[in-house]
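# Commentary on secondary and tertiary structure
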Amino acid sequence: MTKVGAPEKLIVNGKRLDGRKFDELRELKVKAGIIPNADGSAEVTLGETKVVAAVYGPREVLPRHLSEPDRAYLNVIYTMISFSTSERVRPGPSRRSVEISKVIKDALAPAIFLEKYPKTKIDVYLEVTNANAGTRTAAINAASVALADAGIEMRDLVASVAAGKADGELLLDLFEPEDNFGEADMPFAMMPRTKEITLLQMDGELSKDEIMRLVEMNTKACEQIYEAQKAALKEKFATEKEAVQETIENSEGDKQ
Amino acid sequence: MEKLYANDRDVVVPGELLAEGMEYLPAGKAFRDGEKIHASTIGIVSIKGRVLKVIPLAGKYMPKKGDAIIGRITNIGHSGWTLDVNSPYNADMNIGEATQEYIDLARTDMSKYFDIGEYVIAEVIAISEAKFIKISAKHRPYRKLKGGNIIEVSPTKIPRIIGKQGSMINLLKDMSGCDVVVGQNGWVWIKGTPEKESLVAKAIKTIEKESHKKGLTDKIKQMLSEVSK
Amino acid sequence: MIQTLKPFMAALLAKQMREDGRGVFDYRPIEIEVNPIPRANGSARVKIGATEVLVGVKMDVAKPFPDTPDEGVLMVNAELSPLANPEFESGPPGPAAVELARVVDRGIRESHAIDVEKLCIVPKEKVWMIFVDIYPMNDDGNLLDAAALAAMIALKKAVIPKYDEKEGQVLHKELTKEKLPMKALPMLTTFGKINGSIFVDPTRREEKALDSRLSIATLEDGTVSAMQKGGFGTFTQKEIAELLELSAEKGKELRKFLK
């Protein structure tokens, strides 16, 4: 049964509707340090999907009851800007955005040394400014870079991408028509160093074998995304390299 | 198997592999995971013998014993004051650590010594496991900072603002005639005429932005030699 | 910060100086980006110094208000996300967000900037709704002027989506070649006042130190379409007369960004 508005075919002559190969990522752009007020920030563009991340913290915990004696409280809020979708979405949280905020928090927490910041709060604000599928994965990519930009101690960055199935084919990084009219979508995130998986969701119908093949596909793509995240951070801090001499010599605490 | 993956002065990201082998020792923002040593924040690698140190390039100020920091009084309690020190944690200054004078609470109000909103340059005398920070303004040069203007810079740039053996901060003070006190926590106090304060603030912001550029000292000298309007 | 900030700013202003070296009536450098958001019908990103605001326009078809049965409807909303300022809190729009949206709205509505009569499809039944949503990305003061400028650019560049009369549905993914019918170009200018000294385009630190502020929206011929005073301080009659002159002048400068 075809949904209303579904295109006839999602795969034409072995190519996807946007011309990509089955295991090809959309164009990825990562920029660190774009919001001066934030302690750390980043913008990630994946095809037409754009997400901005701002990190504030570690900072004082308010309301007090959220304070944890032995670790930082991680607060993640994912929102979609009202004009980021074809039909305007009402500002404010929705059940969908609350769930996505939670899975993103669970995707980032394993990578952060939360125990180094007891009784503090780390706020991660994620805003989707233009949506074309893969918003939660772009958000995780932006959040990791923003956390690193803030100088928060982490075991590793977190890279994220989704893969799924459309017209019977296994495809990497579904874009809107594939996400809306395909058979399954599997958002995924991992810490590249150890390949430990920190986000795994599935929507649709897949066999065990298909899932394992998609996990392989996602893992490889995450390694590529990690390189872009690293490059964005190194680019932002590149000018610091020449300041090194002074920093190292004075880092032992020169008194005035 | 002993192997070095990073070079001295490399910029590294969290999780980046620096070396493998138990002979290497992690320092600063580096940690060991099994045989491997990784960076835990964005930083610069400094290799001295077997010690792999990562100097952070970002991150909030975390107080260390002995640091001179500037704090702002936010609360007056029964036996001391609480201060915002531009850190995830607040600092406490006990009544006995505030001043050389004996404070007789029966005759006077604590706010007469330090009131909410006032600034202090103090020494970090202790940090407990639970991250309680104790500071003292009892001995010189620690004291209340009256008037003037407070600006904020990235704590990672403070060494550059102080300069080698204080060369930069002395330049700022001598050429402007202003009083300048630098807190390790990124707050800087400047006192002089409003125009001079504004000029010094501008110079400090320039140092913060261009700490990596050659000829910075000359540029600052030029900025400060501008006669005020 | 407040204890030392106000005396410092006041002392500088008394000598016609500001913390960032600007002239008292100079705006910070302004940068604009037109239509950065493909999903919006029109959008703009405006930077005034380090302040950055993103505004998007979305259109839909609905029943008109009973008292204006053949006019399109303008709705302006602002969300002060904690992303932009460490002091903003999550939650529904508070007084600051509501004031921001309503002041921007007033400048546009009262000047009849949008020709709302041309936005009627079926009188009493179907008209175009224009949603203007304001999202600050970085607050370094004067969100009002940045938001108002971004809103005008977004509206001027907005393209109307296709409307399927038979199905009674907007086809959001398909656009016509028609732009929104605009009749006027109001520009908003905000002034601050500290200890009697007046200046334009306050930074965040200046906002913390100011006694009062006055925002004025003007058209090309100097007609005023909105005014809003904020803060616990006051303004004299003489000051208001001066600012009405100045705001028209500043408005002309800002209007250049609409080309």
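Residues numbered from 1 in each chain as written. Chains lettered and ligands numbered in written order. Predicted model: local features only at pLDDT ≥ 70, side-chain atom pairs only at ≥ 80, totals over all residues.

## Some words on the interface of chain A and chain C
Across the boundary between the two partners, chain A contributes 24 residues, which contact 29 residues of chain C. Every element with two or more residues in the side of chain A that touches chain C is listed here: β5 (49-60) and β7 (120-130) of chain A. A total of 5 residues in the side of chain A that touches chain C trace back to one element, the largest contributor, which is β7 of chain A. Taken together, the residues of the side of chain A that touches chain C sort by class into 11 nonpolar, 8 polar and 5 charged. (Contact = placed C-beta atoms within 7 Å. Helix = DSSP H or I, 4+ residues; strand = E, 2+ residues; numbered from the N terminus. Nonpolar A, V, L, I, M, F, W, Y, C, P; charged D, E, K, R; others polar.)

## Some remarks on the interface of chain A and chain B
In this complex, chain A contributes 40 residues to the contact, which on the side of chain B involves 29 residues. Only β5, α2 (135-149), α4 (208-237) and α5 (244-250) of chain A provide two or more residues apiece to the side of chain A that touches chain B.

## Some points on the pairing of β5 of chain A
Residue and element names in this part refer to chain A. Here β5 lies mainly inside the structure; 10 of its 12 residues are buried. Two elements, strand β4 (residues 40-46) and β5, share 7 bridges in a ladder whose sense is antiparallel. By the bridge assignment, Gly40 is partnered in β5 with Val55. In this structure, the hairpin formed by β4 and β5 is closed by a connection of 2 residues, where Gly47 is found at a positive phi of approximately 65°. The sheet contact formed by β5 and β7 spans 9 bridges and is antiparallel. (Buried ≥ 20, exposed ≤ 12 C-beta atoms within 10 Å, placed from the backbone. Pairing = 2+ DSSP bridges.)

## Considering the packing of helix α3 (residues 194-209) of chain B against helix α4 (residues 216-224) of chain B
Helix-helix packing: each pair is described by the crossing angle between the helix axes and the interaxial distance. All names here are of chain B. Closest axis-to-axis distance for the α3/α4 pair is 10 Å, and the angle between their directions is 165°. Compared by their axis directions, α3 and α4 come out roughly antiparallel. Considering the relative orientation of α3 and α4, their crossing is right-handed. Side by side, α3 and α4 meet where Leu199, Lys202, Ala203, Thr206 and Ile207 of the first sit next to Leu216, Lys219, Ile220, Met223 and Leu224 of the second. The residue makeup of the contact of α3 with α4, split by class, is 7 nonpolar, 1 polar and 2 charged. (Axes fitted to C-alpha atoms, helices over the stretch in contact; angles between N-to-C directions. Parallel < 35°, antiparallel > 145°, perpendicular 65-115°, else oblique. Left-handed = near helix turned anticlockwise from the far one by under 90°.)

## Details of the sheet that holds strand β11 (residues 212-218) of chain C
All names here are of chain C. Here 4 strands make up an open sheet; going across it, the order is β10-β9-β11-β12 and the pairing antiparallel. In the strand order of this sheet, the two ends are held by β10 (197-200) and β12 (224-230), each with one partner. Each strand axis lies, on average, 20° off the axis of its neighbour in the sheet, ignoring direction. Pairing of β11 with β12, which is carried by 6 bridges, proceeds in the antiparallel orientation. When the sheet's bridge partners are listed, Thr218 is paired in β12 with Val224. Along the sheet face, helix α2 (residues 95-110) touches β9 (187-194), β11 and β12 and points at about 160° away from the line of β12. Lying over the sheet, helix α3 (residues 143-157) contacts β9 and β11, oriented at roughly 175° with respect to β9.

## Observations concerning the sheet that holds strand β3 (residues 28-32) of chain A
Residue and element names in this part refer to chain A. Strand order in this open sheet of 5 strands is β3-β4-β5-β7-β6, and the pairing throughout is mixed. Each having just a single partner strand, β3 and β6 (73-80) make up the two edges of the open sheet. On average, each strand axis in the sheet is tilted by 15° relative to the strand beside it, whichever way the strands run. Across 5 bridges, the pairing between β3 and β4 is antiparallel. Paired with Lys29 across the two strands is Thr45, which belongs to β4. Of the strands in this sheet, β6 and β7 touch helix α1 (residues 95-108), which is tilted by about 135° from β6. Against the sheet, α2 touches β3, β4, β5, β6 and β7, its axis set at about 150° to β4.

Everything listed here is a matter of coordinates, which is why it stays silent on function.
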